[in-house]
Amino acid sequence: MSKEVAKERSMIIQKEMMTRLFRDLGNARETGKKVVYTFVPGNISELILSFDMLPVYPEINALQSGMRKKSGGYIRDAEQHGHSEDVCTYVKCDVGMMLNGNIGPTGEKIPSPDLLLLSYTGCFTFLKWFETLERLYPGVPVALLHTPYQEAHKITPEMTAYMVKQLKEEVIPKMEKVSGNKYDEEKLKAILRNSSQVEDYIVKIFDTTKHRPSPIDAYFAGVYYIGPINSGFRGTPEAVDYYAELYKEILTRIDKKLGPITPEGEMEEERFRLVVEGPPNWTHFREFWKLFYDMGAVIVASSYTKVGGVYDMGFRVNPDKPLESLAEYCMNCYTNLNLEQRVELLSKCITDYHADGFLVNSIKSCNSFSAGQLMIMQQLERKLEIPVGFIESDLVDPRYFSYSNIKNRLESFFQMLEQRKMIVTR
Amino acid sequence: MNTLKEIAALCEDLAFDLSFARAREWKSQEAGRVVVGHMPIYFPREIIHAANGLAVGILGGGDKKLIIKGDAYYQSYICHMPRSIVELVLDKHFEGFDGFIFPSICDVIRNLSGMFQLMGEGKFVKYLDLPQNFKAHIGGTFYRHELQTVMDEVFKLNGVVITAERLNHSIGLFNLNRRLICQLYDIRQDFPWRMTAADLYHIVRAGYVIPVEEHNGILEQAVRLIQQETGDPMDKIRVLVMGAFCEQPPAGLIRTIELAGCYIVEDDFLLGARWIQGDIGTGSADPLEAITSAYLEKSTFSSSVYDVGNPKEARLLDLIRKRKIDGVIFAAPSFCDPALLDHPILQKECNDKNIRFISFLYSENTGQFKVIKEQVGTFSDSIKLWD
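Cut-offs applied
Residues numbered from 1 in each chain as written. Chains lettered and ligands numbered in written order. Predicted model: local features only at pLDDT ≥ 70, side-chain atom pairs only at ≥ 80, totals over all residues. Heavy atoms only, no water. Pairing = 2+ DSSP bridges. Helix = DSSP H or I, 4+ residues; strand = E, 2+ residues; numbered from the N terminus. Axes fitted to C-alpha atoms, helices over the stretch in contact; angles between N-to-C directions. Core = buried A, V, L, I, M, F, W, Y, C linked by side-chain atoms within 4.5 Å. Buried < 20%, exposed > 50% of the residue type's maximum accessible area, 1.4 Å probe, protein only. Contact = heavy atoms within 4.5 Å. Parallel < 35°, antiparallel > 145°, perpendicular 65-115°, else oblique. Left-handed = near helix turned anticlockwise from the far one by under 90°. Nonpolar A, V, L, I, M, F, W, Y, C, P; charged D, E, K, R; others polar. Expected span 1.5 Å × (residues − 1). Salt bridge = Lys/Arg side-chain N within 4 Å of Asp/Glu carboxyl O. Polar contact = N/O pair within 3.5 Å; in protein donor to acceptor, adjacent residues only side chain to side chain. 1 Å grid on protein atoms, 1.4 Å probe; cavity = no way out; pocket = protein on both sides within 12 Å on 5 of 7 lines; lining within 4 Å. Points joined across faces, edges and corners; volume = space filled by probe spheres on them.

A.B. asks: Got a minute to help me understand the sheet that holds strand S5 (residues 237-242) of chain B in this structure?
C.D. replies: By definition, the strands of a sheet pair up through backbone hydrogen bonds, in either a parallel or an antiparallel sense. Residues and elements named next belong to chain B. Strands sit in the order S6-S5-S7-S8 across an open sheet of 4 strands; the sheet is parallel. Both outer strands of the open sheet, strand S6 (262-267) and strand S8 (356-362), are each paired with one neighbouring strand and no more. The average undirected angle you get between the axes of adjacent strands in this sheet is 30°. As judged from the 7 bridges shared by strand S7 (residues 327-333) and S8, these two strands associate in the parallel manner. Across the sheet, Phe330 pairs through a bridge with Ser359, a residue of S8.

Structure, rendered in structure tokens:
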């Protein structure tokens, strides 16, 4: 493992983008920009941007709090305010952060919302989350966008029509009222044209894991790669530039036959290729990642990087049908797929990216992912005869991250993969 | 049956018969009949009835089913009911069921629909996406299409055409069913000593697994009998129990609350049976529209519905006033996000309005009630002594 960690240009660009976003949010009251709180899965950032409003993603704030070791305190504060130990820790972290002054990752106060855009896609807890926020921010209007679930393995015209009607008659009028701007379809189309380019890049970037060694880690680094599209930049020229730069860097890595960059430098030997299902743990992100790269394990695909949109099955926004496209984008997010579709998608990843093993990181807080995961695992094991592993942690509650427990399980899993490789080689 | 106790005993046997014998028997009596299982909370059973079917409520194994295999399908931090339902699937309890409906109430039930699909259980599995938009031309149109999809699935099985006449007839039967249940609740509000909450629970729950015509007969008898004075009023407080809308509390828990000095005069145990508040029109040439409108306009409140413009705190206060409640017991299943995330909101309202409450968690197979009895007993005493 090389200990030299040189920041690549794309990393610097992303950091600048994020800093600017939080600075804009910090100055929103002075600049008069309106602020919309919404969620990552099914985030219709393009529509928000078309009204010149700024998005805030409570999950992003929560995960940032987790990475900054603040979430434990926030969660305890929320529990002291009556929240159960049993429920989603993203919600509790967000409530705790609000109770503690709503200070964002850059140390600046995140402004209160002018609109709560409840685009609840693939997660019922979002409904409850915004019911809670609605009471913490009394008087703030709520625009609810119900995304139908792909229960029958497909998006029907009725599902799209339902969403488009909600956009036209519920969401857009509220955005017009809050922002003071009229809906501008041509502007939205222009933004969506950028999104379409970004989506192409996303697919190309995550498809590079076909190479050996894989030039990227599609889970631990992958969550950084999806940062801009899931924090308000999808559809912006900056996002197009960022992803173009990132893709260029990855192509260079492929040319040089380099493995992924880790916090401790380049991973030199690729021993295991894994597909991972489920979100990562944020409170111990570095330690968690290290457990993998120390063992030469690289993640070649992950479901979590598809939580804000699934593009590798062919979906792209169509700027000519902006509202229909936004609707279909929402319905195509990973947690809005039924379990059969998830199994198919994961099977494709395992096959296309030549994975040696499949691992579930089951998150206590997230029923949307966790309920049914054991069956998904069982199905993949039977269908593909692939070794499967299972670990448990939480999103942002440090009480549920047991380092030694996870390490033990991973070591056993890697031993199993090693033995299997030896058998196959013989 | 001459007494409420006899009725309740019969209903308890029916309600917890995990072989669903009455439903199987009913199906076997005539060719073309179908049995469709549905999960909590609400499903308009009228549309299955009108298609010569029986909609059977699936509420888990409760404390009647030992879970062995089901635990292998769920992590420890997921609620209990889905694992008992999976256990029932694996032990073939649903053999002979033609289809399954999963109303959209939470992520766990949603993903359970996918597990049924993967297991190939039933001839159809339908996740019924109940709209969160309550405007007729938006959410109503979508909901109607969802219901039509269910009707189309049943039609594929038995070819029964649901005419307006048939559907209106079914609506009428379920209107009567809801009216009778509400009558029982209303009478019990004034005379809670005449029937225990557990007996009422069993009588209502029996309706989830038998034909509505039979259940209406039972309810009519029960309504007649509860109007006669029996027993003596006791010095108990009047409580509302809420939080149980999906995974059911064991009957022992309901009994424990009443034994610990409370009359449960309102609850959300079997909310689906009383979901529609009032009658659905029976004279329409388009009865499916009537069912759709009823959902949009006459639904009760629940943790699974976003309450934009209709805050749950206000509705809780209305219920407290209507039922003359002394205190609220928030009893929710462990790991139930929808119910548990409501509690801070509702409890704050109780605090602000000086309404006494307690809260605890349970699972459908909780077997030890000593601690809960002490907690509820103290709660009851504190209200009796100090209020």
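Once the structure has been displayed, the description carries forward.
A.B. asks: Any chance you could explain the nonpolar core here in plain terms?
C.D. replies: Ranked by size, the top nonpolar core spans 277 residues in total, and within it Phe292(A), Phe358(A) and Ile329(B) carry the most contacts. Top contributing element to this core by residue count: helix H8 (residues 157-179) of chain A, with 9 residues. Ignoring anything within four residues of it in the chain, the contact list for Phe292(A) reads Phe220(A), Leu274(A), Ala297(A), Ile299(A), Leu359(A), Leu410(A) and Phe414(A). Residues Phe301(B), Leu319(B), Val328(B) and Cys350(B) belong to the second largest nonpolar core, which totals 15 residues.

A.B. asks: So what exactly am I meant to see when it comes to the packing of helix H6 (residues 136-158) of chain B against helix H11 (residues 287-298) of chain B here?
C.D. replies: Relative orientation and spacing of two packed helices are given, respectively, by the angle between their axes and the distance between those axes. All names here are of chain B. At a minimum axis distance of 9 Å, the contact between H6 and H11 shows a crossing angle of 125°. Classed by the angle they form, the pair H6 and H11 counts as oblique. Here the hand of the crossing between H6 and H11 comes out right-handed. For the pair H6 and H11, the contacting residues are Ala136, Gly139, Gly140, Tyr143, Arg144, Leu147, Gln148 and Met151 in the first and Leu288, Glu289, Ile291, Thr292, Tyr295 and Leu296 in the second. The residue inventory of the contact of H6 with H11, partitioned by class, reads 8 nonpolar, 4 polar and 2 charged.

A.B. asks: Hey, could you run me through helix H5 (residues 107-119) of chain B in this one?
C.D. replies: Residue pairs three or four apart in sequence face the same way in an α-helix, which turns once every 3.6 residues. Residues and elements named next belong to chain B. Helix length check: H5, at 13 residues, gives a terminal C-alpha distance of 18 Å against a target of 18 Å (1.5 Å per residue), a fit within 8%. When we look at burial in H5, the residues that qualify are Asp107, Val108, Ile109, Arg110, Asn111, Leu112, Ser113, Gly114, Met115, Phe116, Gln117 and Leu118. In the segment just after H5, Gly120 is the residue with positive phi, at about 70°.

A.B. asks: I would appreciate a short explanation of the interface of chain A and chain B in the present structure.
C.D. replies: Interface size is often expressed as the accessible area that is lost when the parts come together. Of the residues lining the interface, 56 residues belong to chain A; the matching set on chain B comes to 52 residues. The interface formed by chain A and chain B includes 6 salt bridges. The partner of Lys128(A) in a salt bridge is Asp342(B), with the nearest N and O atoms 2.9 Å apart. On inspection of chain A and its partner chain B, the count reaches 33 residue pairs in polar contact (both at pLDDT 80 or more). Sorting elements by how many residues they give to the side of chain A that touches chain B places helix H7 (residues 125-136) of chain A first, with 8 residues. Its residues assigned to classes, the side of chain A that touches chain B comprises 22 nonpolar, 20 polar and 14 charged.

A.B. asks: Sorry, what's going on with the layout of surface pockets here?
C.D. replies: Over the atoms a probe the size of a water molecule is rolled, and this reveals where empty space is left. Estimated volume of the second largest pocket: approximately 960 Å³. Contributing elements (two or more residues each) for the lining of the second largest pocket: strand S4 (142-146) and H8 of chain A together with helix H7 (164-190), S5, S6, H11, helix H12 (312-322) and helix H13 (337-352) of chain B. Per-class residue counts for the lining of the second largest pocket are 18 nonpolar, 11 polar and 17 charged.

A.B. asks: Could you clarify how one ought to interpret the side chain of Lys65(B) in this entry?
C.D. replies: Checked against the element boundaries, Lys65(B) lands in the loop between strand S2 (53-57) and helix H4 (81-90). With near-sequence residues (within four places) excluded, Lys65(B) lies in contact with Leu18(B), Glu87(B), Leu88(B), Asp91(B) and His93(B).

A.B. asks: Help me understand the pattern of salt bridges in this model?
C.D. replies: Close approach of charged atoms lets side chains of opposite charge pair. One pass over the structure, following the stated rule, counts 62 salt bridges over all chains. Measuring nitrogen to oxygen at the nearest pair gives 3.7 Å for the salt bridge that ties Lys189(A) to Glu186(A). Of this pair, Lys189(A) and Glu186(A) both sit in helix H9 (residues 185-207), 3 residues apart, which is roughly one turn of that helix. Measuring nitrogen to oxygen at the nearest pair gives 3.1 Å for the salt bridge that ties Asp71(B) to Arg83(B). Taken together, the residues span a long stretch of sequence, with Asp71(B) in the loop between S2 and H4 and Arg83(B) in helix H4 at a distance of 12 residues. By relative accessible area, which is 38% here, Asp71(B) ends up partly exposed.

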